[in-house]
Amino acid sequence: PAEPAAIKAPEAPAPAGEATVFTFDQTGSKIEWVGAKITLKHDGGFNAFTGDVHLTGGPETARINVSIDTDSIWSDNEKLTGHLKSPDFFDVAKYPKATFQSTAIAKSAEGDAYSITGTLELIGNRKQIQFPATLSLDEGVFKADAEFSINRKDFGMVYPGMPDDLIHELVLIKLSVVAKKK
């Protein structure tokens, strides 16, 4: 069977009346991560982020925009949280925002599975990423759930860790988004 064709999101915002806008519900949404080194892993996330979804039809027509306040990063270790805010990692004083904008969404062969392509910007570095997600649209609520890894070094986070306890390059990202019709 042929691979599903990606549907390109419009470059410019849709004219008024065409797109339905859904905004992230802060209580029902979360952006979390799991980072690891040789001896253990750390769980964390971001407490402050905003986003919206512009739809002109089903989930494959979505244009997703996310803005994350990097200073809102948290982890399961207070000392680590402080280090993550430093120039070794997120450099929150210089780069207060991280962003993601989708450029294409393709429906997979089964159920609510999709592939999302877009541009992620972290600490001033923009890279195209692609990840699997489960998307649904039901009664004025758009939901997206995804779990995937990114390589932190692709975005300039090259701090190695201690020689006997190196930090893994891959960081697991866990997203659960609930967006409600404006």
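Note that this is a predicted model, so its numbers are computed, not measured.

Quick notes on the rules
- Residues numbered from 1 in each chain as written.
- Predicted model: local features only at pLDDT ≥ 70, side-chain atom pairs only at ≥ 80, totals over all residues.
- Heavy atoms only, no water.
- Pairing = 2+ DSSP bridges.
- Helix = DSSP H or I, 4+ residues; strand = E, 2+ residues; numbered from the N terminus.
- Buried < 20%, exposed > 50% of the residue type's maximum accessible area, 1.4 Å probe, protein only.
- Core = buried A, V, L, I, M, F, W, Y, C linked by side-chain atoms within 4.5 Å.
- Contact = heavy atoms within 4.5 Å.
- Phe/Tyr/Trp six-rings, centres within 6.5 Å; stacked < 30°, edge-to-face > 60°.

A. Representation of the pairing of strand β4 (residues 41–46) within the structure. Where strand β3 (residues 30–36) and β4 come together, six bridges link them in antiparallel fashion. The residue bridging Val34 from the neighbouring strand is Asp43, located in β4. The turn linking β3 back onto β4 is made up of four residues. Sheet topology note: the β4/strand β7 (residues 73–75) ladder contains three bridges and is antiparallel. Bridge pairing in β7 links Phe46 to Ile73.

B. Region of interest: the pairing of strand β5 (residues 49–55). When you tally the buried positions in β5, you get five out of seven residues, the bulk of the element. The sheet contact formed by strand β2 (residues 20–24) and β5 spans four bridges and is antiparallel. Along β5, the bridge assignment pairs Phe22 with Val53.

C. Spotlight on the nonpolar core. If you look at the biggest cluster of nonpolar residues, it comprises 41 residues, and the most contacted ones within it are Val53, Ile64, Phe90 and Phe142. Sort the elements by how many residues they give to this core and strand β11 (residues 141–151) lands first, with five residues. Apart from residues lying up to four places away in sequence, Ile64 is in contact with Phe24, Asp52, Val53, Phe100, Gln101, Ser102, Ile105, Ile116 and Phe142.

D. Main features of the packing of aromatic side chains. Tallied over the entire structure, the rule returns five aromatic pairs. Geometrically, the ring pair formed by Phe131 and Phe148 is stacked, given 4.1 Å between the ring centres and 10 degrees between the ring planes. Here Phe131 is found in strand β10 (residues 125–138), whereas its partner Phe148 is found in strand β11, with 17 residues between them in sequence. Comparing Phe131 with Phe148, the two get one shared label, buried. By way of ring pairs, the aromatic residues Phe100, Phe131 and Phe148 are connected into one cluster.

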